[in-house]
Amino acid sequence: MAKKQFKTESKRILDLMINSIYTHKEIFLRELISNASDALDKLAYKSLTDDGVGLSRSDFKIHLAVDKDARTLTISDNGIGMTAEELENNLGVIARSGSLQFKEEMAKAEGADSADTDIIGQFGVGFYSAFMVADHITVTSRAYGSDTAYRWESSGADGYTITPCDKETVGTDIVLHIKEDGEEEQYSQYLEQNRIERLIKKYSDYIRYPITMEMQRERMKEKPKDAGDDYKPEWETYTETETLNSMVPLWQRPKKDVTQEEYDRFYQDKFGDFEKPLATITVDAEGTVSYKALLFIPGRTPYDFYTREYEKGLQLYSSGVLIMDKCGDLLPEHFRFVKGVVDTPDVSLNISRELLQHTRQLKVISTNLEKKIKAELSRLQKDDGEKYETFWNAFGRNIKYGVVSDYGVHKDMLLDLLMFHSSHDDKLTSLAQYKERMAEDQEFIYYAVGEDAGKLSKLPQAERILDKGYEILYLTEDVDEFCMQTIGEYEGKKLKSIDDEDALPESEEEKKAAEEKAEEAKDVLSFLKETLGNKISDARISKILKSHPVCMTADGPVSLEMEKYFKRTGNEMMAGMSAQRVLELNPDSDAFAALKRAVESDKELAKKYAELLYCQALLIADLPLEDPSAYTDLVCSLMK
Ligand code: ADP
């Protein structure tokens, strides 16, 4: 039988496992038990609609057996099993999403040996972790619905074989041949019943199927009836199959009986994160729909979070049976980062006839959970700024998408969760905090949109607002401006771009003075429009500049930042959406005076000035110059 080779990436991880100096090798058992439990879930689910399974809920179990002489530890389950093809695909390659992430972390840690070993502990690396303690592994499996069983066998990196074999019952037996003890590591501990028992208690106690094992125990022999006064108690050993885990799922246990450490471990194990959750939410609801929920807010963005691959949802159980791994209906889009479990007896089990019949119950649950999640986030925001900032950095963008989505129907619920950079200090601020700091005469909540806070604070348009002592929110993400437009106003205060002409209220005198200036500048402005042609849609005397000579703004619904965003999308239709550019000039600046003189006396020079000011405005707005070398030539020609 020819040996098949592992796929390259899998081989690397395998090598790492085999040669691991990782000190918590014990996690291998947790990984195998968790696989067995998943396999049982799958068959239990099938049995709901398929009488052919012939097993009831209480028949499903995981059994452990130790043979000290043969140095084997066997993990058996009567779950769904694997076909030859599945053995090949599941055990020949690294398929699981967690492993993918593991691979990426590995790539990052490349060259740093010690980093490798940490990564092992942090991720569940699944089946392969067994190679940390075993030098030979045999997986015998018979898939549900199949008459033939197959055996997958491997001694590690040099490949594996798959051969047909006999197996009476559906399910999987995994036999680990435990490595010989070395100087560093006593592998024999994994053949000791007490050690195994402790490991199950530590990592797999909540597994909802019995994990059984033949345990050797000692007991005092019964005292013979005719024993005399000098009778000394005698001991005997006996074996008995015991269930090692308590089987109570964590979410069924009252919160006061569970430690945060247990919640953390459950989260990390179940959702494949190596970091602890930022927050844990428990819900025990009774009413029209009864359910228990255990939710987590992760502390970092999953690598695929903003891709199509990421699937939101909570695990849905009904009376202990896993109905759906990712029930999307339980979570609104804006909280799609939440992980967790919902268990309700009110979703009946013949769910194969479409989940539709349960939408009402699911709706009730999801509406409730949405409130709970919101409340927990608000609590974090109030009580633990540092944690909230971690949350915000990981998922803030998603909350903003939530504000914008569905024509803004969720904005009221999400508004208070929003955080922004601002001119106040380098901490993030909420709209409520901004409002509290507002000056008495301040009419608007101001914002500026651009690449980063540093650049925004130096924008010519910002000067006059900041000089008034008003705070500006610095918006640096694509979605921000859409977000502002959707919100419109916050508690009676309109949100206002600093680019808006009426961003600062004008007195009648100011208005009059401005009109006069515009009138005086009429010739210069029409000269600019003529010279610059369709590069701009208008040129005007600015009301938003203070000491700076020039800037670019936009008329109409598309702002300059939106235009940049549309261009970045690469989408042809969107890329065509351009802002109507407006060149704004400061009539009190020296540059304007020079331009005016030139328009009156030297049209050629005036054309150069017009081009120069236009390019300056582009640069300040972070917009690309159409022809940088022509611009350089222009500047240099003026130096003559
Ligand atoms: P993961 O469990 O995260 O998917 P593993 O490497 O541990 O990654 O397992 C790979 C796949 O092999 C599993 O997804 C599952 O399909 C299959 N598998 C592993 N163990 C069993 C088992 N005891 N019974 C049935 N299928 C199994």
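Residues numbered from 1 in each chain as written. Predicted model: local features only at pLDDT ≥ 70, side-chain atom pairs only at ≥ 80, totals over all residues. Heavy atoms only, no water.

By the definition in use, this model includes 29 aromatic pairs. On the numbers, 4.8 Å between centres and 70° between planes, the contact of Phe-305 with Tyr-310 is edge-to-face. By the burial criterion, Phe-305 is buried, and Tyr-310 matches it. Considering the side-chain rings of Phe-444 and Tyr-446, the 6.1 Å spacing of their centres and the 80° angle between planes classify their relative orientation as edge-to-face. For Phe-444, a relative accessible area of 8% translates into the label buried. (Phe/Tyr/Trp six-rings, centres within 6.5 Å; stacked < 30°, edge-to-face > 60°. Buried < 20%, exposed > 50% of the residue type's maximum accessible area, 1.4 Å probe, protein only.)

Our next topic: the environment of Thr-140. Along the polypeptide, Thr-140 turns up in strand E3 (residues 134-142). On the accessibility criterion, Thr-140 (7% relative accessible area) is buried. Measuring from C-alpha to C-alpha, the distance between Thr-140 and Trp-392 comes to 47 Å, with 252 residues separating the pair along the chain. Beyond its immediate stretch of four places on either side in the chain, Thr-140 contacts Tyr-150, Arg-151, Cys-165, Lys-167, Gly-171, Thr-172 and Asp-173. There is a polar contact of 3.2 Å between the side chain of Thr-140 and the side chain of Arg-151. (Helix = DSSP H or I, 4+ residues; strand = E, 2+ residues; numbered from the N terminus. Contact = heavy atoms within 4.5 Å. Polar contact = N/O pair within 3.5 Å; in protein donor to acceptor, adjacent residues only side chain to side chain.)

Now for the pattern of salt bridges. Using the criterion set out here, one finds 47 salt bridges in the structure. Salt-bridge contacts for Arg-71 lead to Glu-180; the nearest nitrogen and oxygen are separated by 3.8 Å. With Arg-71 in the loop between strand E1 (62-67) and strand E2 (72-77) and Glu-180 in the loop between strand E6 (171-178) and helix H6 (193-203), the pair connects residues that are 109 residues apart, well separated along the chain. A salt bridge links Asp-588 to Lys-517, with the shortest nitrogen-to-oxygen separation between them at 3.2 Å. Of the two residues, Asp-588 is situated in the loop between strand E21 (580-585) and helix H19 (590-601) and Lys-517 in helix H15 (residues 508-520); the sequence distance between them amounts to 71 residues. Among the residues examined, Asp-588 registers a relative accessible area of 56% and is labelled exposed. Salt bridges linked by common partners bring Glu-501, Lys-529, Asp-538, Arg-540 and Asp-555 together as one network. (Salt bridge = Lys/Arg side-chain N within 4 Å of Asp/Glu carboxyl O.)

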